[in-house]
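Coordinates in review
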Amino acid sequence: MTGATLAIAQAAGETAPLIFTTLFSQFWSRGLFDPTPTLAVLIYNFATVPFQNQQDIAWAASLVLVLFVLATSILAHWAARKSLYNH
């Protein structure tokens, strides 16, 4: 459980691999192997435009991404601690 949650947190937090693997898709996928949008792509696309409202959305998406990584890291730490003291 710890490894899985840390892997999810690391995959969500690393922006460059997600940008290149999603192929900059802005639409929801219709299949399992189709490109899908991610927060990292949204942040990249909206942070580079001159419009303030889209830059604000990029900052909000950055906050959501950081909080997601923090939450999964805390969950992994909690799961590791639980399994360590249950033996």
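Residues numbered from 1 in each chain as written. Predicted model: local features only at pLDDT ≥ 70, side-chain atom pairs only at ≥ 80, totals over all residues. Heavy atoms only, no water.

**Notes on the overall build of the protein chain**
Definition in use: The numbering of helices and of strands both runs from the N terminus, where a helix is a DSSP run of H or I of at least 4 residues and a strand a run of E of at least 2. A simple rule labels every residue: compare its accessible area, found with a 1.4 Å probe on the protein chains alone, to the largest value its type can have, and call it buried under 20%, exposed over 50%, or partly exposed in between. Any two residues whose heavy atoms approach within 4.5 Å at even a single point are treated as in contact. For accessible areas, the Shrake-Rupley method is used with a probe of radius 1.4 Å. Any residue's cover is judged against the shown protein chains and nothing else.
What the protein chain contains, in helices and strands, is four helices and zero strands. Listing each helix as α and each strand as β along the protein chain from the N terminus yields α-α-α-α. Residues classed as buried in the protein chain amount to 18% of the 87 residues present. Residue pairs at least 24 apart in sequence account for 35% of intrachain contacts in the protein chain once pairs closer than 6 positions are excluded. Surface exposure of the protein chain reaches about 6600 Å², of which carbon and sulfur atoms provide 70%.

**A closer look at helix α3 (residues 39-47)**
Here is the rule: Directions pointing from the helix axis toward each C-beta atom define the arc.
For α3, every residue scored as buried is listed here: Ala40, Val41 and Ile43. The buried residues of α3 all sit within an arc of 160 degrees when viewed along its axis, so they share a single face.

**Thoughts on the confidence of the model for the protein chain**
Put simply, the rule is: Residue-level confidence of the predictor is summarised by pLDDT, bounded by 0 at the bottom and 100 at the top.
For the protein chain, the mean per-residue pLDDT works out to 76, and 66% of the residues sit at or above 70. Mean pLDDT per element in the protein chain: helix α2 (residues 15-22) is the minimum at 57, and helix α4 (residues 52-85) is the maximum at 84.

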